[in-house]
Amino acid sequence: MTKIFNLFDFSQKVNYKTEVLAGLTVAMTMIPESLSFAILAGFPPLMGLYASFIAGLFTAIFGGRPGMISGGAGATVIVLIALMNSDGLEYVLAAVALAGVIQILIGVFKLGKFIRLVPHPVMFGFVNGLAIIIFMSQLDQFKTVLNGDIVWLTGSPLIIMLGLVALTIAIVVLLPKLTKAVPSSLVAIIVVFVLVYFMGIDTKTVKDIASVSGGFPPFHIPNIPINWETLKLIAPYSLIMAAVGLTEGLLTLNLVDEITGTKGNGNKECIAQGGSNILNGFFFGMGGCPMIAQTLVNLSAGSRARLSGIIAALTILAIILFGAPIIEQLPMAALVGVMIMVAFGTFEWASLKIFNKVPKKDIFLVIIVALITVLLHNLALAVLVGVILSALFFAWESAKRIRAKKFIDEDGVKHYEIYGPLFFASTTIFAEKFDVINDPEEIIIDFKDSRVSDMSAIEALNVVTQRYQKVGKKVHLRHLSADCRRLLSNANDIIEVNILEDPTYKVAVDQD
């Protein structure tokens, strides 16, 4: 029981006061973001809150690690806008549920481990890009609708908004220097709310975004035809949503691991995300995933257990059912100030300090991943591009490392001892190592400290042996692994393989 419900694992020291206050703070910051993205996508506003309640509660209990916060995140919602515009809400709900199934399968087959393939510069770029998105999304609150057009605030409304945001930021920054008994973000929200309410200050509130009043999430089976055509329509959206959600989720998990010095379970998190999205699809939620901004709010408030996520989710449900009239009066300036500080806290400022201390390719990776994240809002694409570029950089660097030690033994046989991997990128350099014309009648190519990795390498071996064969010289290939020997297709009569000394290669696998 304690392995699943860590909340009730009494061997774990839980500060219940801190957890409750952190959960309340997280709920306050989730509400405007979930509402904003639901409206942006053309969904009913309550779908955003339903998603935050369902995803937040389910993953807080069953997720891969304590401290993470899930909800109706913009990263996954953006994927569904095109489907909403073309086919409507019922297909969106079906796509969300299907995305959940895909995520569960990824977790069951333990594919979450592949997040380890994401290099650190890509992580920097991803986090920096996300911080910029969080900051830029707050700028929308400095706009208003005038005669049907969206324009920037001016005059007194702008001064009031800036003043309240500045007050919020000041409280968030300065209060921890006096006391850490309560989360500074929650105090800032309450102080600004009391100030605006009792002084009658006219400024934008949550109600100006959307109403948050409603009932319990209703059960609803998506009203769509169950056939192959429907699957072909929604599957691409579901795949992208699942990929984006898991990418942001597993990167968030890694980030929390680093901050807390503990280790989460990526595959368990994949299954929990999938389960929450299946529920979202059948209970009018817009779908979601772990949210880096709210997770950082949670951690900065001192939370380290699952209770804060549960409190945040239940708070959102309570607000939907009972507390809407109060929450709708919250000044948006307070929430904007908190989220701006979250953006500053999310940004990896250390990445700017190391620009002159790391290879230029790493700097390029940080910038390109951040740009894709900011410009396209496609987190999965940004990380994928970063991983591919990293792999290409690695291939290029590895290709330059292949070298050959050459000597002639007492029998007049020339030896080429190869060091470094032989694969598609290093075949050209490998071929240049041999002096076919001036070599003696017999040579040995020794792969004891090398590895023939792919078909390009096999073809390179065939080319080299054929070049020697054309001038009547004999080649011995030694210490080739069994798979390489099976693939050699040419020059069979001149290849001698030392079978007894061939190495056996084993691949390490996870036991998660």
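Our subject in this report is the structure included herewith. On a predicted model such as this, the values are computed, not experimentally measured, just so you know.

Conventions adopted
Residues numbered from 1 in each chain as written. Predicted model: local features only at pLDDT ≥ 70, side-chain atom pairs only at ≥ 80, totals over all residues. Heavy atoms only, no water. Helix = DSSP H or I, 4+ residues; strand = E, 2+ residues; numbered from the N terminus. Buried < 20%, exposed > 50% of the residue type's maximum accessible area, 1.4 Å probe, protein only. Areas by Shrake-Rupley, 256 points an atom, 1.4 Å probe, with all protein chains shown as cover. Lys, Arg positive; Asp, Glu negative; His and termini not counted. Charge placed at Lys NZ, Arg CZ, Asp CG, Glu CD. Salt bridge = Lys/Arg side-chain N within 4 Å of Asp/Glu carboxyl O. Pairing = 2+ DSSP bridges. Axes fitted to C-alpha atoms, helices over the stretch in contact; angles between N-to-C directions. Phe/Tyr/Trp six-rings, centres within 6.5 Å; stacked < 30°, edge-to-face > 60°. Patch = residues over 30% accessible without salt bridge, like charges linked within 9 Å, V, L, I, M, F, W, Y side chains within 5 Å. Parallel < 35°, antiparallel > 145°, perpendicular 65-115°, else oblique. Contact = heavy atoms within 4.5 Å. Nonpolar A, V, L, I, M, F, W, Y, C, P; charged D, E, K, R; others polar. Core = buried A, V, L, I, M, F, W, Y, C linked by side-chain atoms within 4.5 Å.

### Some thoughts on the overall build of the chain
Summing up its helical and strand segments, the chain has 18 helices and eight strands in all. The 512 residues of the chain split such that 52% are buried. As displayed, the chain has an accessible area near 24,000 Å², and 65% of this comes from carbon and sulfur atoms. Separation between the mean location of the 38 positive side-chain charges and that of the 38 negative ones in the chain comes to 6 Å.

### Description of the pattern of salt bridges
Under the definition given, this model contains five salt bridges. Here Lys 143 makes a salt bridge to Asp 140, at a shortest N to O gap of 3.8 Å. Assessed through its relative accessible area of 25%, Lys 143 is described here as partly exposed. A relative accessible area of 44% means that Asp 140 is categorised as partly exposed.

### Section: the sheet that holds strand 7 (residues 442-452)
If you walk across this open sheet you meet the four strands as 5-6-7-8, and the pairing is mixed. Because the sheet does not close on itself, it has two edges, and the strands there are strand 5 (403-408) and strand 8 (474-478). The average angle at which neighbouring strand axes cross in this sheet is 20°, direction not considered. Two elements, strand 7 and strand 8, share five bridges in a ladder whose sense is parallel.

### Comments concerning the packing of aromatic side chains
Within this structure, the stated rule accounts for 15 aromatic pairs. The interplanar angle of 50° and the centroid separation of 4.5 Å between the aromatic rings of Tyr 416 and Phe 434 together place this pair among those described as tilted. Taken together, the residues span a long stretch of sequence, with Tyr 416 in strand 6 (residues 414-422) and Phe 434 in the loop between helix 16 (427-431) and strand 7 at a distance of 18 residues. By relative accessible area, Phe 434 is classed as buried at 7%. A centroid spacing of 6.3 Å and a plane angle of 35° characterise the contact between Phe 430 and Phe 447, whose relative ring orientation is tilted. Within this pair, whereas Phe 430 is found in helix 16, its partner Phe 447 is found in strand 7, the two being separated by 17 residues in sequence. Grouped by ring-pair contacts, the aromatic residues Tyr 416, Phe 430, Phe 434, Phe 447 and Tyr 468 constitute a single cluster.

### Digging into a nonpolar patch on the surface
A surface patch of nonpolar side chains, amounting to about 750 Å² of accessible area, comprises Val 101, Leu 105, Val 108, Phe 109, Leu 111, Phe 114, Leu 117 and Ile 271. When residues of the nonpolar patch are assigned to their parent elements, the largest contribution, three residues, is made by helix 4 (residues 89-108). Secondary-structure assignment places Leu 117 in the loop between helix 4 and helix 5 (120-138). Residue Leu 117 is classed as exposed on the basis of its relative accessible area of 54%.

### Side note on the packing of helix 5 against helix 8 (residues 228-260)
One can describe the packing of helix 5 onto helix 8 by two numbers: an axis separation of 12 Å at closest approach and a directional angle of 105°. The pairing of helix 5 with helix 8 is recorded here as roughly perpendicular in orientation. Of the residues in helix 8, those in contact with His 120, Met 123, Phe 126 and Leu 130 of helix 5 are Glu 248, Leu 251, Asn 254 and Glu 258. When its residues are assigned to classes, the contact of helix 5 with helix 8 shows four nonpolar, two polar and two charged.

### So, the nonpolar core
Residues Met 28, Ile 31, Leu 35, Leu 49, Val 206, Val 212 and Ile 316 are the most contacted members of the largest nonpolar core, which totals 50 residues. Looking at this core, the elements with two or more residues in it are helix 1 (16-41), helix 2 (45-62), helix 6 (155-178), helix 7 (184-199), helix 10 (292-300), helix 11 (307-327) and helix 12 (332-346). Per-element accounting of this core gives the leading share, ten residues, to helix 12. Residues within four places of Ile 31 in sequence aside, it is in contact with Leu 49, Val 206, Val 212, Ile 316, Ile 319 and Ile 327. Met 84, Ala 94, Tyr 237 and Met 286 belong to the second largest nonpolar core, which has 28 residues in total.

### What to know about the environment of Gly 215
Tracing the sequence through the fold places Gly 215 in the loop between helix 7 and helix 8. Residues Gly 215 and Gly 261 lie 46 residues apart in sequence; the distance between their C-alpha atoms is 40 Å. Residues contacting Gly 215, with those up to four places away along its chain left out, are Tyr 50, Ile 320 and Leu 321.

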